[in-house]
Amino acid sequence: MSETTTSQLTKISVAPLTDADIDGVRHVSLHDQQVKFAGTADEFLTETSETIHRHVIKRAGKIVGFFKLDTDYASQYDFCPPKMLGLRMFVVDARYQGQGLGTGAVKALLKYLPVDYRDFDWVYLTVNCRNPAAKACYQKGGFTDTGELYWGGAAGPQHIMYAAIDADNKGKAQ
């Protein structure tokens, strides 16, 4: 995998989680009302699987968030086409929210995917309907809302969003 991909706009980078990142991830936290949507750093570090790839979000070398890419997402959700990834547990530390880091991280992610996940055509996610700030972040970063809802989430209905994984990252509708 590539070492890192950086968004030129905000100098935010995304990279695979390494052992050296674990302490920094443990210091990432969310506001209490956000935990139900994304989970905690401990939950992020605990889940290991061959199909779940853990990543960090950095700003100037400091960990400010994390996320997971799920290579088996399509087999778990009927709304997903084949050859697609799932974005899960996308977290920006509460201390850095509202500064454009989430949008910068989404943009860096979409530049990173064609490099290390070129065998996939799409990346999908669900975002809770009660989390409009996260939905706006994904849209500003390059995701498109399908206009459909996923009703199986533990915290209520969720918007289904997607982006194309291609070198130009045009996010063409399917």
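For every chain, the first residue of its written sequence is number 1, and the numbers climb from 1 along that sequence. Reporting in this predicted model follows two pLDDT cut-offs: at least 70 for local features of residues, and 80 or more for side-chain atom pairs to be given and counted; totals over whole chains, interfaces and linings ignore these cut-offs and use all residues. The side-chain values count all of the structure's non-hydrogen atoms but skip hydrogen atoms and water molecules.

Visitor: Give me the lowdown on the overall build of the protein, citing residues and values where you can.
Guide: Helix and strand definitions follow DSSP, with helices as H or I runs of at least four residues and strands as E runs of at least two, each counted in order from the N terminus. When its secondary structure is counted, the protein shows six helices and eight strands. Here, residues are in contact when the closest pair of their heavy atoms is within 4.5 Å. For the protein, long-range pairs separated by at least 24 residues make up 61% of all intrachain contacts whose partners lie at least 6 apart in sequence.

Visitor: Describe in detail the pattern of salt bridges, supporting the description with residues and values.
Guide: Any Lys or Arg side-chain nitrogen found within 4 Å of a carboxyl oxygen on Asp or Glu counts as a salt bridge. As enumerated under the stated definition, the model contains five salt bridges in all. Asp93 is paired through a salt bridge with Arg95; the nearest N and O atoms lie 2.7 Å apart. We classify Asp93 as buried; its relative accessible area is 0%. Put simply, Lys135 and Asp145 hold a salt bridge, and the shortest N to O gap is 2.9 Å. Accessible area is worked out with a 1.4 Å probe on protein chains only. A residue is then buried under 20% of its type maximum, exposed over 50%, and partly exposed in between.

Visitor: Residue-level account of the nonpolar core, with values.
Guide: Here the nonpolar core consists of buried residues drawn from Ala, Val, Leu, Ile, Met, Phe, Trp, Tyr and Cys, with membership extended through side-chain atoms lying within 4.5 Å. One finds Ile57, Leu87, Phe90, Leu113, Val123, Tyr138 and Phe143 to be the most contacted residues of the largest nonpolar core, which totals 31 residues. Of all the secondary-structure elements, those providing two or more residues to this core are strand S2 (12-16), strand S4 (62-70), strand S5 (84-92), helix H5 (101-116), strand S6 (122-128), helix H6 (132-141) and strand S8 (158-164). At eight residues, the largest contribution of residues to this core is made by H5. In contact with Phe143, not counting residues within four places along its chain, are Leu87, Val106, Leu110, Val123, Leu125, Tyr138, Met161, Tyr162 and Ala163.

Visitor: Would you mind going over H5 in detail, with residue names and values included?
Guide: Multiplying one less than the number of residues by 1.5 Å gives the expected span of a helix. Along its 16 residues, H5 runs 22 Å from first to last C-alpha, staying within 8% of the 22 Å computed at 1.5 Å per residue. Counting buried residues in H5 gives twelve out of 16 residues, a clear majority hidden from the surface.

Visitor: Go over the pairing of S8 with me, naming the residues and quoting the values.
Guide: With respect to burial, S8 is a largely interior element, seven of its seven residues being buried. Any two strands with at least two DSSP-identified bridges between them are counted as paired. Bridge count between S6 and S8: seven bridges; the pairing is antiparallel. Looking at the pairing, Tyr124 lines up with Tyr162 of S8. Here four bridges tie strand S7 (residues 144-150) to S8, and the two strands are oriented antiparallel to one another. If you follow Asp145 over to S8, its bridge partner there is Met161.

Visitor: A description of the environment of Leu125 should follow, citing residues and the corresponding values.
Guide: By secondary structure assignment, the location of Leu125 is in strand S6. For Leu125, a relative accessible area of 1% corresponds to the buried category. Sequence spacing of Leu125 and Leu69 is 56 residues, and the spatial spacing of their C-alpha atoms is 9.8 Å.

Visitor: Run through the packing of aromatic side chains, naming residues and quoting values.
Guide: Note on aromatic contacts: the rings of Phe and Tyr and the six-membered ring of Trp form a pair at centre separations within 6.5 Å, being stacked when their planes are under 30 degrees apart, edge-to-face when over 60 apart, and tilted otherwise. This model, assessed by the stated rule, comprises 14 aromatic pairs. Through a chain of ring-to-ring contacts, the aromatic side chains of Tyr73, Tyr77, Phe79, Trp122, Tyr124, Tyr150 and Tyr162 assemble into a single cluster.

Visitor: So what's going on with the environment of Val115? Which residues, and what values?
Guide: Tracing the backbone through its elements, the reader meets Val115 in helix H5. The sequence separation of Val115 and Asp166 amounts to 51 residues, and the corresponding C-alpha distance is 8.9 Å.

Everything listed here is a matter of geometry and, on its own, says nothing about what the molecule does.
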